[in-house]
Amino acid sequence: DTGVSQDPRHKITKRGQNVTFRCDPISEHNRLYWYRQTLGQGPEFLTYFQNEAQLEKSRLLSDRFSAERPKGSFSTLEIQRTEQGDSAMYLCASSSRPSGGTLEQYFGPGTRLTVT
Amino acid sequence: KQEVTQIPAALSVPEGENLVLNCSFTDSAIYNLQWFRQDPGKGLTSLLLIQSSQREQTSGRLNASLDKSSGRSTLYIAASQPGDSATYLCAVKALMDSSYKLIFGSGTRLLVRP
């Protein structure tokens, strides 16, 4: 396994369009996280899944954002009616729950979204 | 509310210098602290993770320390090289809104000049 992968790596879209990003976690990891990172800032938590259940969503996640993890494996993040303020790097991370483990998160390369 | 601050925001040093990056956090009730490296336009690579019960961790030329009581961590890079140029992010894992989350600082952009 080569780690967390994300697709696409870059996306340019016009304001008002819908976009969807995909994340494939490390295969045995049951937890999956989405973060957003704007220029010059650290990543901010958006949402996370344990298996297929979405356990928490940040207040940053407006109703234009929706995330799914239908079979507890890959996840998608959709943004509807994109706005220029949505331009950012969207990062995915995954972790497992071994007994006594650190729940360390492993990050993917990110999807850079530019809304014009 | 947990807040993480990194100083300086940017740093430029000549090759070979030893350097220290600083991270501070406002609430000492953390689960662990992690240092990441991020190259331009790329994802995050974990460098060192320090559990709340630990004082430091070392990996090669990197050494990270943790002082929970004062809310501080430092990342020490020995004999810096141009390949160390990147943004270094500090993150604490802390309980926020009923679950543990990673809370990041804004990073220190490091340039090591040949």
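For the structure itself, consult the block above.
Cut-offs applied
Residues numbered from 1 in each chain as written. Chains lettered and ligands numbered in written order. Predicted model: local features only at pLDDT ≥ 70, side-chain atom pairs only at ≥ 80, totals over all residues. Heavy atoms only, no water. Contact = heavy atoms within 4.5 Å. Buried area = accessible area lost by both parts, 1.4 Å probe. Salt bridge = Lys/Arg side-chain N within 4 Å of Asp/Glu carboxyl O. Polar contact = N/O pair within 3.5 Å; in protein donor to acceptor, adjacent residues only side chain to side chain. Helix = DSSP H or I, 4+ residues; strand = E, 2+ residues; numbered from the N terminus. Nonpolar A, V, L, I, M, F, W, Y, C, P; charged D, E, K, R; others polar. Buried < 20%, exposed > 50% of the residue type's maximum accessible area, 1.4 Å probe, protein only. Phe/Tyr/Trp six-rings, centres within 6.5 Å; stacked < 30°, edge-to-face > 60°. Lys NZ or Arg CZ within 6 Å of the ring centre and 35° of its normal.

Q: Describe the interface of chain A and chain B, and please don't skip the residues or the numbers.
A: Each partner contributes residues to the interface: chain A has 22 residues there, and chain B has 23 residues. Taken over both partners, the interface formed by chain A and chain B buries close to 1,600 Å², and the fraction arising from carbon and sulfur atoms is 48%. Inspection of the chain A/chain B interface yields one salt bridge. K101 of chain B is the partner of E56 of chain A in a salt bridge, and the nearest nitrogen-oxygen pair spans 2.4 Å. Linking chain A with chain B are seven residue pairs in polar contact (both at pLDDT 80 or more). Contributing elements (two or more residues each) for the side of chain A that touches chain B: β4 (31–37), β5 (44–50) and β9 (88–95) of chain A. Each residue belonging to the side of chain A that touches chain B can be placed in one class, and the counts come to nine nonpolar, eight polar and five charged.

Q: Outline the pattern of salt bridges, supporting the account with residue identities and numerical values.
A: All chains considered together, the criterion is met by six salt bridges over all chains. The shortest N-O distance in the salt bridge between D84 of chain B and R61 of chain B comes to 2.9 Å. Separated by 23 residues along the polypeptide, D84 of chain B in the loop between β8 (72–77) and β9 (86–96) and R61 of chain B in the loop between β6 (56–59) and β7 (62–67) bring together distant segments of the chain. Classification of D84 of chain B as buried rests on a relative accessible area of 8%. On the basis of relative accessibility, which here comes to 30%, the residue R61 of chain B falls in the partly exposed class. A cluster of three or more residues bridged by salt bridges with shared partners is formed by R64, E83 and D86 of chain A.

Q: Hey, could you go over the packing of aromatic side chains for me, with residue numbers and the actual values?
A: Summed over the entire model, instances satisfying the criterion amount to eleven aromatic pairs over all chains. Arranged with centres 5.4 Å apart and planes meeting at 40 degrees, the rings of F21 of chain A and Y90 of chain A form a pair that is tilted. Highlighted residues: F21 of chain A in strand β3 (residues 19–24) and Y90 of chain A in strand β9, separated in sequence by 69 residues. Classification of F21 of chain A as buried rests on a relative accessible area of 1%. In this structure Y90 of chain A comes out as buried when scored by relative accessible area, which is 0%. When the ring of Y35 of chain A is compared with that of F104 of chain B, the centres are 6.0 Å apart and the planes differ by 85 degrees; the resulting orientation is edge-to-face. Of this pair, Y35 of chain A sits in strand β4 while F104 of chain B sits in strand β10 (residues 99–104), each in a different chain. Classification of Y35 of chain A by relative accessible area gives buried; the value is 0%. Feature note: the residues Y33, Y35, F45, Y48 and F107 of chain A together with F36 and F104 of chain B constitute an aromatic cluster, connected by ring pairs. A cation over an aromatic ring shows up here: R22 of chain A above the ring of F74 of chain A, its NZ or CZ 3.9 Å from the ring centre.

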